[in-house]
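# Summary of the model geometry
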Amino acid sequence: MDSLKLKLRLFSSEPQEFTYRLDGSFFSVAEPIEVRRAVVEVILRARRRDADTVAMEVACSGSLTIPCDRCMGDMVHQVDTTYAFTVSQRGDRYDDNGEGLVTIPATATEIDVEPIVRDTVLLTIPLTHVHDGIREHCDEQMLRVLERHLTDQEPLQAEASAEQEPATDPRWDALKKLKE
Ligand SMILES: [Zn+2]
């Protein structure tokens, strides 16, 4: 894949377009989100506004394969998003305010849009992501393994709490009374 570092002198008042194709390796540094596979098309549009301001826009479309929160199986997340931002070359250090203004040092000769593109794509993933929100689409075998793991832990908890509980359970007494 081509580098997402762009020479600032490339930009002119004429709109320019750059295209990239991202794969899974692009997101391998994206912890804590595990991106297993990815095919994302990126169109970066840039146009110089004045001597030290460049208007940019990244349009990202494609899909990511990420683990389902419920069954850990592969689930496909569709990406179709656009993020517009302004690059100001008037700063003394790099700063992305997260709201569309990226300031870079006046001495910089290039801008690396890689972190911006990565964040733009990853921010489309909902906090909780499960197979279409429908349990039937989950990996049944994996769910059984996970459930068995959970029930295996219950006897331990029951033993621990039994020791702390009084010898006679009031609910049990009530039941005995009903039977009498
Ligand atoms: Zn699932």
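Just so you know, these numbers come straight off a predicted model, no measurement behind them.

In this section: the overall build of the chain. Looking only at helices and strands, one finds 3 helices and 8 strands in the chain. Ordered by position from the N terminus, the helices and strands of the chain form the series β-β-β-β-β-β-β-β-α-α-α. Of the roughly 12,000 Å² of accessible surface on the chain, 51% is carried by carbon and sulfur atoms.

With that settled, the discussion passes to the pattern of salt bridges. Counted under the stated rule, the structure contains 10 salt bridges. Close ionic contact of arginine 90 with aspartate 50 constitutes a salt bridge, the shortest N to O distance being 3.9 Å. Linking arginine 90 in strand 5 (residues 74–91) with aspartate 50 in strand 3 (residues 37–50), this pair joins segments that are 40 residues apart in sequence. The exposure class of arginine 90 is exposed, given its relative accessible area of 54%.

Right, let's talk about the coordination of the zinc ion for a bit. Around the zinc ion, the protein supplies Cys68 (SG), Cys71 (SG), His131 (ND1) and Cys138 (SG) as donor atoms, at distances of 2.1 to 2.4 Å. One can describe the donor arrangement at the zinc ion as tetrahedral, given that its 4 donor atoms subtend angles of 103 to 115° at the metal. The sequence pattern describing where the donors of the zinc ion fall on their chain is C-x2-C-x59-H-x6-C. Of this pair, cysteine 71 sits in the loop between strand 4 (53–67) and strand 5 while histidine 131 sits in the loop between helix 1 (114–122) and helix 2 (140–164), and the two are 60 residues apart along the sequence. A residue is classified by how much of its surface remains accessible, and cysteine 71, at 0% relative accessible area, is buried.

Attention shifts here to the sheet that holds strand 7 (residues 101–105). Taken in spatial order, the 6 strands line up as 2-3-4-5-7-6 in an open sheet, and their pairing is mixed. Taken across any chain shown, the strands that pair with only one partner, and hence form the sheet edges, are strand 2 (16–23) and strand 6 (95–96). By the bridge criterion, 8 bridges tie strand 2 to strand 3 in an arrangement that is antiparallel. Within strand 3, the residue paired with threonine 19 across the bridge is isoleucine 43.

A few words on the layout of surface pockets. By volume, the largest pocket amounts to about 160 Å³. Lining the largest pocket are Thr81, Thr82, Tyr83, Asp96, Gly98, Ile116, Asp119, Thr120 and Leu123. Mapped by element, the contributors of at least two residues to the lining of the largest pocket are strand 5 and helix 1. Among the residues making up the lining of the largest pocket, the classes are represented as 3 nonpolar, 4 polar and 2 charged.

So, about the nonpolar core. Where a protein is soluble and globular, its nonpolar side chains tend to be buried together. If you look at the biggest cluster of nonpolar residues, it comprises 39 residues, and the most contacted ones within it are Phe11, Phe27, Met56, Leu64 and Ile111. For this core, the elements supplying multiple residues, two or more each, are strand 2, strand 3, strand 4, strand 5, strand 7 and helix 1. Setting aside anything within four residues of it in sequence, one finds methionine 56 in contact with Phe11, Leu44, Arg45, Ala46, Tyr83, Ala84, Phe85, Val87, Ile111 and Val113.

What follows deals with the packing of aromatic side chains. In total, this model carries 3 aromatic pairs according to the counting rule given. An angle of 85° between the planes, with centres 5.1 Å apart, marks the rings of phenylalanine 26 and phenylalanine 27 as edge-to-face. Centre to centre, the rings of tyrosine 83 and phenylalanine 85 are 5.6 Å apart; their planes meet at 25°, and the pair counts as stacked. Cation over ring: arginine 118 sits above phenylalanine 26, and NZ or CZ is 4.6 Å from the ring centre.

Locating serine 88 in the fold gives a position in strand 5. Filtering out sequence-adjacent residues up to four positions away, serine 88 remains in contact with Asp52, Leu101, Val102, Thr103 and Ile104.

Next up on the list: the pairing of strand 5. Direction of pairing for strand 4 relative to strand 5: antiparallel, over a ladder of 15 bridges. Residue pairing across strands places threonine 53 opposite serine 88, the latter belonging to strand 5. Counting the residues that bridge the hairpin from strand 4 to strand 5 gives 6 residues, and of these methionine 72 lies at a positive phi of roughly 65°. Where strand 5 meets strand 7, 4 bridges bridge the pair, whose relative direction is parallel. Along strand 7, the bridge assignment pairs serine 88 with threonine 103.

Conventions and cut-offs
- Residues numbered from 1 in each chain as written.
- Predicted model: local features only at pLDDT ≥ 70, side-chain atom pairs only at ≥ 80, totals over all residues.
- Heavy atoms only, no water.
- Helix = DSSP H or I, 4+ residues; strand = E, 2+ residues; numbered from the N terminus.
- Areas by Shrake-Rupley, 256 points an atom, 1.4 Å probe, with all protein chains shown as cover.
- Salt bridge = Lys/Arg side-chain N within 4 Å of Asp/Glu carboxyl O.
- Buried < 20%, exposed > 50% of the residue type's maximum accessible area, 1.4 Å probe, protein only.
- Donors = N, O, S within 2.8 Å, 3.2 Å for Na, K, Ca; no water.
- Tetrahedral: all angles 85-135°; square planar, octahedral: opposite > 155°, others 65-115°.
- Pairing = 2+ DSSP bridges.
- 1 Å grid on protein atoms, 1.4 Å probe; cavity = no way out; pocket = protein on both sides within 12 Å on 5 of 7 lines; lining within 4 Å.
- Points joined across faces, edges and corners; volume = space filled by probe spheres on them.
- Nonpolar A, V, L, I, M, F, W, Y, C, P; charged D, E, K, R; others polar.
- Core = buried A, V, L, I, M, F, W, Y, C linked by side-chain atoms within 4.5 Å.
- Contact = heavy atoms within 4.5 Å.
- Phe/Tyr/Trp six-rings, centres within 6.5 Å; stacked < 30°, edge-to-face > 60°.
- Lys NZ or Arg CZ within 6 Å of the ring centre and 35° of its normal.

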